[in-house]
Structure formats: C-alpha cells, structure tokens
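# Chains, contacts and geometry: an overview
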Amino acid sequence: MERQGKSGSSGEVLDGSNIMKLVGNEEVFAHFVDNKFEQLDRDSDGQLSVKELEPAVADIGAALGLPAQGSSPDSDHIYSEVLNEFTHGKQEKVSKTEFKEVLSDILLGMAAGLKRDPIVILRIDGEDLLEFVNGPSFESEMVSIYSQIEVPEGSVRDFVVKALEKLTVEQGMPPCSDSWVVSKIVEPALQSGADDNLDKPVSEETFLAEFKKIAERVAQRLKEQPVIVAHSENTFDGSGIKRLLSNKFELDKSLNAALENVPKDKHGKIAKEYLRVALDALAPSAGLPPFGAVDQMDTIVNEAFKMMDADDGKIVKEEEFKKLLTEILGSVMLQLEGNPVLVSCNSVVHEPLNSSSSLLQASS
C-alpha cells in the first residue's frame, strides 16, 4: 500500500495490491488458507459445515463494507449469496480445496474492484476544518452554500446544520449522513456554549458569524474524537467502453458471456426487454456501474435506450440483439465523453481497520 496526501491529511490507499500479492503467491496463499481453514474447522474433520463457514462469510461481508447480518434484507441477500458460493446452495460440507478456490475468486473480485475504484482511508481530526474556516476562501464558499439552502422561515441553527451537511471531506468535515457523526460531533458542538443567536431568524451576516463559531467547536470535537472515513472517487468518462469496443475479441467474448443467462425462444430469438439485463452483465467489462447504482448514469443509459428504440418490446435475432447492445454502449460512450460523470462516496469506518475482517489478515 502507498501513502498519499489528501487535503492536508495522510490517507492510506486501498487499491487491491496487497490482496493480489497474497493470492498471487501460491505458497503464501496456501499457508494463509491452511491457517484460516484450521481456525474455522472446529471439529477438525477436514471439512467445513455451514455453521463453521458463518464466521468466514461474516468477515467477507465486513471486508466488503456490509452491515452486520440481520441489519438489512439487501445485505442479508448478499451474505446468503456468499455462503452459496461455498456450498453451491446444496452441499452441507466444504472441503479445503473448494474453500481455497472460492476464497481466491472472492478476494480477486475484491482486488479488481479496489484497483478500479481505490479507497482512501482518511483520518479527519479537525485540522483541515480549522484551516478552511480560517482560510481566504471561507467567506465566499459559505455565502455560496448559504444561497443554496432552502429552509422557509428557518432559524440560524437550521441553516448551520444544513451548511455542515454540505461541507465535504476536502474541507475537513466527515459525512453528516452518518448518525454517529451527528450525535457525537455535530449535536454536542451545537449545544456547547450555545447562545440565543442560533434560534433567531437568519441573515447572511449572522449565519457567517454563527457558522464559524460552530465549525470551530466541531473541529475541537474532531480533535478529541477523530473520525476515520473511507473515501472513494470514480469518473465515468467512456474510456472503459472505448477500450472494449476497440478490441473485437474481448467484445465478442463479453457479449457471449452476457447472453449466457438471457432467455431465448425456440428459434433462438431474444426479447429486447432483456437488453438491460445483458447490459448489466457487460457493465464490469465496460467500466460501468450496475444500473440503479448511480442516478446520473441511469439517465444516460435511459437516453441511449430511447435513441435505439430498445424498449419497444420486440423480439430480435441474437446477432441483432448483440448489435443493439454494441450501439447502446457506443451511445453511452459518446455521452460520457462529452459530459463525464464524477461519483464521490464517503463512509465512516466505525471499527478499527486492522480488526474489521480477521479472515483477510494473513497469519504470522
């Protein structure tokens, strides 16, 4: 792993390289698997039962950033899918060879995702926020934020809270979408030494003065309780599609793979309604997110479908289906080349990084 400065702070970059090194070294990975298998195999029968696999599945979920099992139906479905990868949905016991093969596939998938979208781990300790508050751009940026806030008859407090939500990690503020940040950092700052001005009607002048006071208190809280944030950025600019379309062998291979699970009628024809399913299967090869993951990307894909009359409900031959998919990719590429989509994501890490997933720690 490398170290990289980000907005004045040091950030640890998780780019999948350590995982690739682990899996790529046959001797080291075999030793790693031996140790993990032995830890999980409580009855020492040389196989893992579903119950013995549960800690491994939980640790893989933690490494993927999923909430604990039982927290959400969506994440529970993913946990179930991970378990099914090991058991194929029917086996009651898993051998060490099967465990090694599936674990290798999962880890390589995680590494590929991190290589594509590296995650920077930031320690937010109030220093960057103080630097922003006392910097030359503070007033102009906060006036701009103030003009964007719409809270009819809102008090100074209402505007300050909304403004804090609009600050980013680049300005030294952890995401206010996280309930822990709100309850442990923001609310105590609002209550600490609070004066009557916060409950008065707002004006630009009172907003700037009171926001600065609250931001300084937030910085002090962050100094006492630093927040660890996983920060990732990804720009969809069409380059992934361009690479795929320029390599006929890879394109044909990806199209064939995308059509493997698409239903065909007795004449081998395919309904256009499955174009979205096939496009989702193509997404990783084309450097695209799954449909539904990024609103701006969904709009671009929908526009491409509209241009190709892809939602007219007709049934077409397989070659025409592939041609339509290729044209849709081309349309999405052209839109992204003209207007790239930047996606930024920040998540608070609530567990120490070195203990969030014991499964992924190599034994000494």
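Residues numbered from 1 in each chain as written. Predicted model: local features only at pLDDT ≥ 70, side-chain atom pairs only at ≥ 80, totals over all residues. Heavy atoms only, no water.

### Notes on the overall build of the chain
Assigned secondary structure in the chain consists of 15 helices and 9 strands. Scored against the burial criterion, the 364 residues of the chain give a buried share of 38%. Partitioning the contacts of the chain with sequence separation of at least 6, the portion at a separation of at least 24 is 75%. Taken as a whole, the chain presents about 20100 Å² of accessible surface, with 50% of it coming from carbon and sulfur. (Helix = DSSP H or I, 4+ residues; strand = E, 2+ residues; numbered from the N terminus. Buried < 20%, exposed > 50% of the residue type's maximum accessible area, 1.4 Å probe, protein only. Contact = heavy atoms within 4.5 Å. Areas by Shrake-Rupley, 256 points an atom, 1.4 Å probe, with all protein chains shown as cover.)

### Digging into the pattern of salt bridges
A complete count under the given rule lists 12 salt bridges for this structure. Between lysine 96 and aspartate 34 there is a salt bridge, with the nearest N and O atoms lying 3.1 Å from each other. One end of the pair, lysine 96, is in helix α5 (residues 96-116); the other, aspartate 34, is in helix α2 (residues 26-40), with 62 residues separating them in the sequence. Note on lysine 96: relative accessible area 34%, which makes it partly exposed. With a shortest N-O distance of 3.2 Å, aspartate 311 and arginine 276 are connected by a salt bridge. Here arginine 276 lies in helix α13 (residues 275-286) and aspartate 311 lies in the loop between α14 (295-307) and β8 (315-316), a separation of 35 residues in the sequence. Judged by relative accessible area, aspartate 311 falls into the exposed class, the value being 52%. Judged by relative accessible area, arginine 276 falls into the partly exposed class, the value being 26%. Each of Asp43, Asp45 and Lys93 takes part in one network of salt bridges that share partners. (Salt bridge = Lys/Arg side-chain N within 4 Å of Asp/Glu carboxyl O.)

### Here's the deal with unusual backbone geometry
If you check the backbone angles, serine 44 has positive phi at about 55° while not being a glycine. Here serine 44 lies in the loop between α2 and β3 (47-49). Here serine 44 falls in the exposed class, since its relative accessible area comes to 62%. In this structure, aspartate 309 is a non-glycine residue whose phi angle is positive, near 50°. Examined against the element boundaries, aspartate 309 turns out to sit in the loop between α14 and β8.

### What about helix α8 (residues 156-166)?
Of the residues making up α8, those classed as buried are Val156, Phe159, Val160, Ala163 and Leu164. Seen along its axis, α8 keeps its buried residues to an arc of 135°; they face one direction. In the core, the buried residues of α8 are packed alongside α7 (138-148), α9 (179-191) and α10 (204-224). (Arc of directions from axis to C-beta.)

### What to know about the nonpolar core
Among the nonpolar cores identified, the biggest contains 37 residues, and Leu129, Met142, Leu164, Leu167, Phe207, Phe211 and Val218 are the most heavily contacted of them. Residue assignment for this core shows that the elements contributing at least two residues are β5 (119-124), α6 (127-133), α7, α8, α9, α10 and β6 (227-236). A total of 8 residues in this core trace back to one element, the largest contributor, which is α10. Ignoring anything within four residues of it in the chain, the contact list for leucine 164 reads Met173, Cys176, Val186, Phe211, Ile214 and Val218. (Core = buried A, V, L, I, M, F, W, Y, C linked by side-chain atoms within 4.5 Å.)

### Regarding the confidence of the model for the chain
For the chain, the mean per-residue pLDDT works out to 84, and 86% of the residues sit at or above 70. This stretch, residues 1-8, has a pLDDT under 50; its non-local contacts, to residues over four places away or in other chains, come to 26 contacts. The model gives residues 352-356 a pLDDT under 50, and that stretch makes 7 contacts with residues more than four places away or in other chains. (pLDDT = per-residue confidence, 0-100.)

### Looking at the packing of helix α1 (residues 17-24) against α2
Between α1 and α2, whose axes approach to 5 Å, the crossing angle comes to 90°. Taken together, the axes of α1 and α2 are roughly perpendicular relative to one another. Every residue of α2 that contacts α1 at Leu22, Val23 and Gly24 is listed here: Glu26, Val28, Phe29 and Phe32. Its residues assigned to classes, the contact of α1 with α2 comprises 5 nonpolar, 1 polar and 1 charged. (Axes fitted to C-alpha atoms, helices over the stretch in contact; angles between N-to-C directions. Parallel < 35°, antiparallel > 145°, perpendicular 65-115°, else oblique. Nonpolar A, V, L, I, M, F, W, Y, C, P; charged D, E, K, R; others polar.)

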